[in-house]
Amino acid sequence: MTRIKNTFQTKTNILNIYVTAGFPKLNDTVEIVQELARNGVDMIEIGMPFSDPLADGPTIQNSSEIAIKNGITLDLIFNQIVEIRKTVAIPIILMGYYNQVLQYGAKSFFEKAKRVGVDGFIIPDLPLDIYQKNYKSLLKDLELDMIFLITPQTIDERIRLLDEESSGFLYLVSSYAITGSKSNLQQNQVDYFKRIKSLSFKNPKLIGFGISNKESFTTACNYAEGAIIGSAFIKAIKDSNNLKESISNFVKGIKE
Amino acid sequence: MNIENNGFYGDFGGAFIPEMLYHNVNELKENYLKIIESESFKKEFSNLLKDYVGRPTPLYFAKRLSEKYNTNVFLKREDLNHTGAHKINNTVGQILVAKKMNKKRIIAETGAGQHGVATATVCALMGLECIVYMGEVDIKRQAPNVARMKMLGAEVRPAISGSKTLKDATNEAIRDWIANPVDTYYLIGSVVGPHPYPDMVARFQSIISEEMKLQLQEKTGRDYPDRIIACIGGGSNAAGAFYHYLENEKVELIAVEADGLGIATGETAATTQVGSEGIIHGSKTLLMQNEEGQITEPYSISAGLDYPGVGPLHAHLFKSGRGIFLGATDQEALDAAYELTKLEGIIPALESAHALAALHKIDFKADENVVVNLSGRGDKDMETYIRRLQ
Ligand SMILES: Cc1ncc(COP(=O)(O)O)c(C=O)c1O
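Quick caveat: nothing in here was measured; it's all calculated off a predicted structure. (Residues numbered from 1 in each chain as written. Chains lettered and ligands numbered in written order. Predicted model: local features only at pLDDT ≥ 70, side-chain atom pairs only at ≥ 80, totals over all residues. Heavy atoms only, no water.)

**Observations regarding the overall build of chain B**
Consideration 1: Summing up its helical and strand segments, chain B has 16 helices and 14 strands in all.
Consideration 2: Its C-alpha radius of gyration of 19 Å places chain B within 12% of the 21 Å reference for a compact globule of 390 residues.
Consideration 3: Out of the 390 residues in chain B, the part that is buried amounts to 65%.
Consideration 4: Intrachain contacts of chain B at a sequence separation of at least 6 include 74% that bridge at least 24 residues. (Helix = DSSP H or I, 4+ residues; strand = E, 2+ residues; numbered from the N terminus. Rg over C-alpha atoms; globule rule 2.2 N^0.38 Å. Buried < 20%, exposed > 50% of the residue type's maximum accessible area, 1.4 Å probe, protein only. Contact = heavy atoms within 4.5 Å.)

Listed below in structure tokens is the structure:
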């Protein structure tokens, strides 16, 4: 069984934390992920910093800019994951943009990711038809998951299609928004979660975008198997002079 | 050279967009041809182009320029359009599409500010809210256009990430669209972005070569020239000038990119020369990037050409060899602008001056007919030109 599948079978109220690789300092990522795992986070999403991250809000974009200035590269990220995997057993998902994968060479990228211990991918600008044609069977052979997004505007028919093509889980974008834009969940978001809850799915679901605190995390857990927190965590470690303490406080603030 | 069903020109194009944009882009894709091919749209569009924009624009035989280059040089006078550039052909078309789709809020990106002004103009005309994203650097170097946009009632929002130029303004506009998917229409300014934008914008700009055919027939007895020269940022004025000649192999299509300080210096926006295949703003095309796939920052004196990609049609013209791609440096463009001003009494936009600069680089035969697409006028660039005089 894959790590992601196993996590959804054995845990509830799953907390997935997003961290930009190479941020705040180039070599902080290993420690950050180790601390997150030690504090009981269930899943990790590692962002591959991109110069033009269209689906991300200002906080993550800014962290990406800093990480690129720090000198982060895909090979460094793979090395960091090798280090992380020495002590961390929870699922690791890589999030980034299709151009990065293309320039690395898509086949080498996926094979390398598998070798270092990555479990799945979120590549928001990879079109479904190109995934089906070029990568679906490769990822299946490598036992890697591709996670697709759905939004409040995705019609039911397309939701079923994306659910069918996703593996691991389905990513529910919580609002008409880029990451990190609002602090609390609005009524129309809750309506959308209810609509989603009335549909039947092949995959478990995590809610992301705009989840920032215990309250929004708890709401999200009422409608899905858990949630993803990105911008709020990036803010919490941005200017931290004690990563261990900031991380422990942040996770406690959500989980306890 | 029509776009294929899935929105590709050969290897280039498509719609590489996050799911958050899928509904919007798909809505446009499903509707744009139906709308723009309807009789009511065609009538409204051509009436506005005639009475509001001032079309057809003249095809002017530039006598003294022709003598200098010992060939027949014609200028397609897009600079004489209302608002001073070809950009308005596209904004008139798209604002009518937006209205047919019942959108209330218009967003746009701009580099030189010409597209921003053209968008603010049609929004004023139609009484629609207008927000224009513009790189902070461009806001400084194209101040007159910022003032025009504001007077026209548009809100100009600075893009402060990355190189703070056109690429970043485009990112911000796309983010705005993601955050406001229901009432907002993204009025893109060139033949870039996800399908169907490149095709739709090329169709609206194709009026340039449609008129050229009639005008050349009248002036030269033949409805096609030997060469067409156009500058290329994203590539919309070039796409419009080439459009009806794409299949006519007798016409040489020459696209001129901004070499900036020179290709060898790295301070350049000559995408086809220093770029490679990849994805930018939702389109598979040629772009400037490093080996990690990070999009690199372009440089040109001309804000309208300061973009690290080209539209997918042009990537296809380049790769297939159908188009010839030349470059002009900042200095060559400035010299060409002064030359046109002295010889013909026309002050061109800095962008268009790059097309004019290519005249130096081609061996013409004496009896050739060459059309230079004069995409815009130089009012917005006076500060740069005056600095040069001193
Ligand atoms: C006068 C003029 N020409 C050319 C361009 C470049 O755009 P495109 O390549 O889409 O024609 C611009 C862009 O702002 C412009 O203002």
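So, next bit.
**Some thoughts on the domain arrangement of chain B**
All names here are of chain B.
Consideration 1: When its domains are assigned, chain B resolves into domain 1 (18-48 + 87-201) and domain 2 (54-85 + 205-389).
Consideration 2: Computed from C-alpha coordinates alone, the two centres of domain 1 and domain 2 are separated by 22 Å.
Consideration 3: Contacts between the two partners involve 32 residues from domain 1, matched on the other side by 35 residues from domain 2.
Consideration 4: Between domain 1 and domain 2, the buried area comes to about 2600 Å², and carbon and sulfur atoms account for 55% of it.
Consideration 5: Looking only at domain 1, the three residues that lose the most surface to domain 2 are Asn89, Arg141 and Lys167, adding up to 22% of its buried area.
Consideration 6: Run the count over domain 1 and domain 2 and you get 1 salt bridge.
Consideration 7: For Asp306, the salt bridge goes to Arg141, with nearest N and O atoms at 2.7 Å.
Consideration 8: Counting the contacts that link domain 1 with domain 2 gives 16 residue pairs in polar contact (both at pLDDT 80 or more). (Domains from an automatic or database assignment. Buried area = accessible area lost by both parts, 1.4 Å probe. Salt bridge = Lys/Arg side-chain N within 4 Å of Asp/Glu carboxyl O. Polar contact = N/O pair within 3.5 Å; in protein donor to acceptor, adjacent residues only side chain to side chain.)

**Description of the site of the ligand**
All names here are of chain B.
Consideration 1: Taken together, the neighbourhood of the ligand is formed by 19 residues, with Ser190, Gly233, Gly235, Ser236 and Ser375 sitting nearest.
Consideration 2: The side chain of Lys87 places a nitrogen or oxygen atom 3.1 Å from an oxygen atom of the ligand.
Consideration 3: Gly234 places a polar main-chain atom, nitrogen or oxygen, 3.3 Å from an oxygen atom of the ligand.
Consideration 4: Protein contact buries 98% of the 390 Å² of open area that the ligand shows by itself.
Consideration 5: Residue composition of the shell around the ligand, by class: 6 nonpolar, 11 polar and 2 charged. (Near = heavy atom within 4 Å. Areas by Shrake-Rupley, 256 points an atom, 1.4 Å probe, with all protein chains shown as cover. Nonpolar A, V, L, I, M, F, W, Y, C, P; charged D, E, K, R; others polar.)

**Things to note about the sheet that holds strand E13 (residues 323-329) of chain B**
Strands belonging to one sheet form pairs held by backbone hydrogen bonds; the direction of such a pair is parallel or antiparallel.
Residue and element names in this part refer to chain B.
Consideration 1: Strand order in the open sheet made by the 6 strands is E3-E4-E14-E9-E10-E13, with mixed pairing throughout. Looking at the sheet topology across the chains shown, the edges are occupied by strand E3 (59-61) and E13. Neighbouring strand axes in the sheet, compared pairwise and without regard to direction, differ in orientation by 25° on average.
Consideration 2: Judged from the 6 bridges that link them, strand E4 (residues 72-77) and strand E14 (residues 369-374) form a sheet pairing that is parallel. (Pairing = 2+ DSSP bridges. Axes fitted to C-alpha atoms, helices over the stretch in contact; angles between N-to-C directions.)

**Focus on unusual backbone geometry**
Consideration 1: Cis peptide bonds are those with omega within 30 degrees of zero, and the linkage from Phe23 of chain A to Pro24 of chain A qualifies with -5°.
Consideration 2: Counting through the fold element by element, Pro24 of chain A comes out in the loop between strand E1 (14-20) and helix H2 (29-38).
Consideration 3: Following Arg55 of chain B, the chain continues to Pro56 of chain B via a peptide bond in cis, the omega torsion being 0°.
Consideration 4: Mapping Pro56 of chain B onto the fold places it in the loop between helix H2 (39-53) and E3.

**A word on the packing of aromatic side chains**
Consideration 1: Taken as a whole, this structure holds 26 aromatic pairs over all chains when the rule is applied.
Consideration 2: Each ring, one from Tyr338 of chain B and one from Tyr385 of chain B, has its centre 6.2 Å from the other, and the planes form 80°; the classification is edge-to-face. On the criterion of sequence distance, the pair formed by Tyr338 of chain B in helix H14 (residues 330-344) and Tyr385 of chain B in helix H16 (residues 382-389) is long-range, its members being 47 residues apart. The exposure classification of Tyr338 of chain B matches that of Tyr385 of chain B, with both residues buried.
Consideration 3: Aromatic ring contacts, followed pair by pair, group Phe78, Tyr98, Tyr104, Phe109, Phe110, Phe121 and Tyr135 of chain A together with Phe8 and Phe16 of chain B into a single cluster.
Consideration 4: The side chain of Arg222 of chain B reaches across the aromatic face of Tyr224 of chain B, ending 4.1 Å from its centre.
Consideration 5: Above the face of the Tyr338 of chain B ring, Arg388 of chain B is positioned so that its terminal group lies 5.2 Å from the ring centre. (Phe/Tyr/Trp six-rings, centres within 6.5 Å; stacked < 30°, edge-to-face > 60°. Lys NZ or Arg CZ within 6 Å of the ring centre and 35° of its normal.)

**With respect to the packing of helix H6 (residues 106-116) of chain A against helix H7 (residues 128-142) of chain A**
Residues and elements named next belong to chain A.
Consideration 1: Interhelical geometry of H6 versus H7 gives an angle of 20° and a closest axis separation of 11 Å. Compared by their axis directions, H6 and H7 come out roughly parallel. Pair H6 / H7 crosses with right-handed handedness. Counted together, Ala106, Lys107, Phe110, Glu111 and Lys114 of H6 and Tyr135, Leu138, Leu139 and Leu142 of H7 form the full contact between these two elements.
Consideration 2: Split by residue class, the contact of H6 with H7 holds 6 nonpolar, no polar and 3 charged. (Parallel < 35°, antiparallel > 145°, perpendicular 65-115°, else oblique. Left-handed = near helix turned anticlockwise from the far one by under 90°.)

**So, the interface of chain B and chain A**
Consideration 1: Listed by partner, the interface residues are 31 residues for chain B and 34 residues for chain A.
Consideration 2: Across the salt bridge formed by Arg158 of chain A and Glu19 of chain B, the nearest N and O atoms sit 2.8 Å from each other.
Consideration 3: Here chain B is connected to chain A by 17 residue pairs in polar contact (both at pLDDT 80 or more).
Consideration 4: At the level of secondary structure, the elements contributing two or more residues to the side of chain B that touches chain A comprise helix H1 (19-36), helix H8 (166-179) and strand E11 (276-280) of chain B.
Consideration 5: Examining the composition of the side of chain B that touches chain A, we find that 7 residues originate from one element, H8 of chain B, more than from any other.

**Brief notes about helix H3 (residues 58-70) of chain A**
Consideration 1: Its 13 residues place the ends of H3 of chain A 18 Å apart at the C-alpha level, agreeing with the 18 Å of an ideal helix rising 1.5 Å per residue.
Consideration 2: Within the span of H3 of chain A, buried status applies to Thr59, Ile60, Gln61, Ser63, Ser64 and Ala67 of chain A.
Consideration 3: On its buried face, H3 of chain A sits against E1 and helix H11 (231-238) of chain A together with H8 of chain B. (Expected span 1.5 Å × (residues − 1).)

**What to know about helix H4 (residues 74-85) of chain A**
Residue and element names in this part refer to chain A.
Consideration 1: Taking 1.5 Å of rise per residue, 12 residues should cover 16 Å, and H4 covers 16 Å from first to last C-alpha, within 8% of that figure.
Consideration 2: Within H4 the residues assigned to the buried category are Leu74, Ile77, Phe78, Gln80, Ile81, Ile84 and Arg85. One side of H4 holds all its buried residues, which, seen down the axis, span an arc of 160°. (Arc of directions from axis to C-beta.)

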